[in-house]
Amino acid sequence: MGVFRRRTDGDGSRDRSSPGPGHSLIVTGGARDVRPPPAAGLRDLVRPATVVLLLVPVSMLGATSTGGRFTVVAATAALVPVVATLLALGVLPFRLSYLWLALFAGLLLVSFFRPVMTTRVAPPVRPRLADHLDVLRAAAPLQLSRLADLAGLLCGLALTGLLIASRPHPRQVARVIALSGTAAAAYVLVRGQFVHARLAGLGCNPNYLGCLLAAPLVTAVGLTRYTRNPRWLLPAALCGLALLQTHSRSAFLAAAVGVVCAVFLGRSWRAHALLAAGLAAGAGVAAATGMLGRLSRHLANLGAADRTATDLHASNGQRAQVAELAARVIADHPFRGIGYALFPAYAQRSPGFAVYLGTHDEYLRLAAEAGVPALLVFLVLFGLGVLRRRPGELAMPQAVLLTYVVLLLFANPLANPVVGVAFWGALGCLLAWRPCRAPGPSRPSIAVRLGRSGDGRGGAPVPGPASSMQEAGSHARH
């Protein structure tokens, strides 16, 4: 797992964010970058980071087989005690992010087991969770639905913690997300169904399938930039083709934001100024020539499929109504919410609405169901990953999180392992590469305990490529 060794910069100060074996931080012009991962081999197949990253394709493609989602939840739950034991023994360094994850999970559990309302409203579809656990066969459909949502969200939090502990390279995370999403796109293009001329599949409706495909598209574009390999445009094109078939307006917007971030994050302010100037000039030309109206109508038709303007207006109106209802719930129950995964049943019981419908907004859902404190803790976790300039390839998982900033405004994907796994994977990668307090003399690193040096084979540390300032190997050993 990740090894954290104490190093010194050129000015003699300690570096508190040194990576583990196989990774180096290159300092050039005051900005730190992560070196490319070493060439993959048979030894990499048993590394902890590889084992954890295997959960990403299992999650995305789990709906293709019976019990796929249950498998990823069970596998994640089995790995958590191992990491917790290593933390307790001091083998892994403790990180503040674990406390935020535990606090968020605790607030969710309190809202789940101590709801402020009870109801017997049944969801329209019975969850398949009871098909894999005999003890749940007699449970009420609503409780099964709530338990499935809670298990999915806790699984995402556990995956984040596992990635923090194993500390995978950001390019490896991006590759896994891009390739898993490409496989999902190919599957739905061949085996998917069309619902009102909109592509659906993998157990997802068209909107959620669009959410699933947006992140792999963004990471494929980012890999094209950072690897300088145009072959990554093929996965991007395949994901984009499947995304177009979903006709999901929110997914289109999120993918556009993510692609712009993947291309421009980490560049100089001049590049950002040129982007802003180009967009302003393009908008001005379109408005002057009358193309702006035609372009907006074309974009509206792209997201409409066979839905009429009346259908789209009714959909927008229903979303606005459910958002108003969620705001009233937050005002009435600001601290604890009404109980996790109870909002659809509450909406069906509400006079004037009477529809079993979620909030279609993850921020509103957390505040309405688990309380405003739970939303604030989630935003802290989110901010720890995204509110910092990320050098080099760390910009790829940051672009994924910024894609989800948009997606979470229009859907509730976090409790769905198929749709939310890219979010938790990117968040775990970014939190893993945050500065960490190096182990003190009383707690030596794993490499020192095993008598190994930087390359893990007992030899000299592996140096990075030449640069004006360079950190390679361990400048200060315990």
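This text follows the structure it describes.
Residues numbered from 1 in each chain as written. Predicted model: local features only at pLDDT ≥ 70, side-chain atom pairs only at ≥ 80, totals over all residues. Heavy atoms only, no water.

Description of the overall build of the protein
Each helix and strand in the protein was counted, giving 18 helices and 7 strands. Counting every position in the protein, which comprises 478 residues, the buried fraction comes to 49%. When contacts within the protein are restricted to residue pairs at least 6 apart in sequence, those whose partners lie at least 24 apart make up 74%. (Helix = DSSP H or I, 4+ residues; strand = E, 2+ residues; numbered from the N terminus. Buried < 20%, exposed > 50% of the residue type's maximum accessible area, 1.4 Å probe, protein only. Contact = heavy atoms within 4.5 Å.)

Some remarks on empty space enclosed by the protein
Tallied over the entire structure, the rule returns 2 cavities of 30 Å³ or more. In this model, the largest cavity occupies a volume close to 60 Å³. Forming the walls of the largest cavity are Ser59, Gly152, Cys155, Gly156, Leu159, Leu414, Asn416, Pro417, Gly420, Val421 and Trp424. Elements with a minimum of two residues in the lining of the largest cavity: helix 5 (141–166) and helix 17 (417–432). Tallied by class, residues from the lining of the largest cavity come to 6 nonpolar, 5 polar and no charged. (1 Å grid on protein atoms, 1.4 Å probe; cavity = no way out; pocket = protein on both sides within 12 Å on 5 of 7 lines; lining within 4 Å. Points joined across faces, edges and corners; volume = space filled by probe spheres on them. Nonpolar A, V, L, I, M, F, W, Y, C, P; charged D, E, K, R; others polar.)

Let's talk about the environment of Val421
Tracing the sequence through the fold places Val421 in helix 17. What makes Val421 buried here is its relative accessible area of 3%. Counting along the chain gives 206 residues from Val421 to Ala215, while the straight-line C-alpha distance between them is 9.9 Å.

Considerations on the packing of helix 14 (residues 362–370) against helix 15 (residues 372–386)
Their axes nearest at 6 Å, the elements helix 14 and helix 15 cross at an angle of 140 degrees. Judged by the inter-axis angle, helix 14 sits oblique to helix 15. Across from Tyr363, Leu366, Ala367 and Ala370 in helix 14, the residues of helix 15 making contact are Val372, Ala374, Leu375, Phe378 and Leu379. Residues that form the contact of helix 14 with helix 15 fall into these classes: 9 nonpolar, no polar and no charged. (Axes fitted to C-alpha atoms, helices over the stretch in contact; angles between N-to-C directions. Parallel < 35°, antiparallel > 145°, perpendicular 65-115°, else oblique.)

What about the packing of helix 4 (residues 96–113) against helix 14?
Where helix 4 contacts helix 14, the axes come no closer than 9 Å and their chain directions differ by 55 degrees. It follows from the interaxial angle that helix 4 and helix 14 lie oblique. Contacts from Phe104, Leu108 and Ser111 of helix 4 reach helix 14 at Leu366, Glu369 and Ala370. Looking at the contact of helix 4 with helix 14 residue by residue, the classes come out as 4 nonpolar, 1 polar and 1 charged.

Details of the side chain of Thr359
One can find Thr359 in the loop between helix 13 (343–349) and helix 14. Within the structure, the side chain of Thr359 is placed 2.8 Å from the backbone oxygen of Asp361, a separation counted as a polar contact. Separated by 3.1 Å, the side chains of Thr359 and Asn412 make a polar contact. Excluding its chain neighbours within four sequence positions, the residues that come into contact with Thr359 are Val322, Ala326, Phe343, Leu364, Arg365 and Asn412. (Polar contact = N/O pair within 3.5 Å; in protein donor to acceptor, adjacent residues only side chain to side chain.)

Topic: the nonpolar core
Counting residues in each nonpolar core, the largest one holds 114 residues, and the members touching the most others are Phe104, Leu108, Phe343, Phe378 and Phe423. A per-element tally of this core places helix 7 (residues 206–227) first, with 13 residues. Every residue in contact with Leu108, bar those within four places of it in the chain, is listed here: Leu150, Leu153, Leu157, Tyr340, Leu366 and Ala370. (Core = buried A, V, L, I, M, F, W, Y, C linked by side-chain atoms within 4.5 Å.)

With respect to the packing of aromatic side chains
If you walk through the whole model with that rule in mind, you get 9 aromatic pairs. Following the ring pairs from residue to residue traces out a cluster consisting of Phe104, Phe378, Phe382, Tyr404, Phe423 and Trp424. The residue whose ring lies beneath Arg146 is Phe112, and the NZ or CZ to ring-centre distance is 4.4 Å. (Phe/Tyr/Trp six-rings, centres within 6.5 Å; stacked < 30°, edge-to-face > 60°. Lys NZ or Arg CZ within 6 Å of the ring centre and 35° of its normal.)

What to know about the environment of Gln348
With respect to the helices and strands, Gln348 occurs in helix 13. A relative accessible area of 33% means that Gln348 is categorised as partly exposed. Spatially, the C-alpha atoms of Gln348 and Gly358 are 9.9 Å apart, while their sequence positions differ by 10 residues.

Describing the environment of Val80
By the element assignment, Val80 lies in helix 3 (residues 68–88). Excluding anything up to four places from it in sequence, Val80 contacts Ala158 and Leu162.

Description of helix 14
Buried residues dominate helix 14, accounting for 8 of its 9 residues. Buried residues of helix 14: Glu362, Tyr363, Arg365, Leu366, Ala367, Ala368, Glu369 and Ala370, and no others. Along its buried surface, helix 14 packs onto helix 4, helix 5, helix 12 (309–332), helix 13, helix 15 and helix 16 (395–407). Its side-chain oxygen placed 2.9 Å from the backbone nitrogen of Tyr363, Asp361 serves as the N-cap of helix 14. Gly371 sits one or two positions beyond helix 14 and adopts a positive phi of about 100 degrees.

Let's talk about a nonpolar patch on the surface
A surface patch of nonpolar side chains, amounting to about 320 Å² of accessible area, comprises Phe94, Leu96 and Leu99. Within the secondary structure, Leu99 is located in helix 4. (Patch = residues over 30% accessible without salt bridge, like charges linked within 9 Å, V, L, I, M, F, W, Y side chains within 5 Å. Areas by Shrake-Rupley, 256 points an atom, 1.4 Å probe, with all protein chains shown as cover. Salt bridge = Lys/Arg side-chain N within 4 Å of Asp/Glu carboxyl O.)

A few points about the side chain of Glu393
Relative to the assigned elements, Glu393 resides in the loop between helix 15 and helix 16. Its relative accessible area of 4% is what places Glu393 among the buried residues. Polar contacts involving the side chain of Glu393 include one to the side chain of Arg171, which spans 2.2 Å.

Digging into unusual backbone geometry
Glycine aside, negative phi is the norm for most residues, and most peptide bonds take the trans geometry. Phi angles above zero are rare outside glycine, and Leu202 is one such case at about 55 degrees. When you line up the elements, Leu202 lands in the loop between strand 6 (198–200) and helix 7. In this structure Leu202 comes out as buried when scored by relative accessible area, which is 5%. The backbone phi angle of Ala354 is positive, close to 55 degrees, even though this residue is not glycine.

Read these as layout, nothing more, since geometry by itself doesn't imply function.
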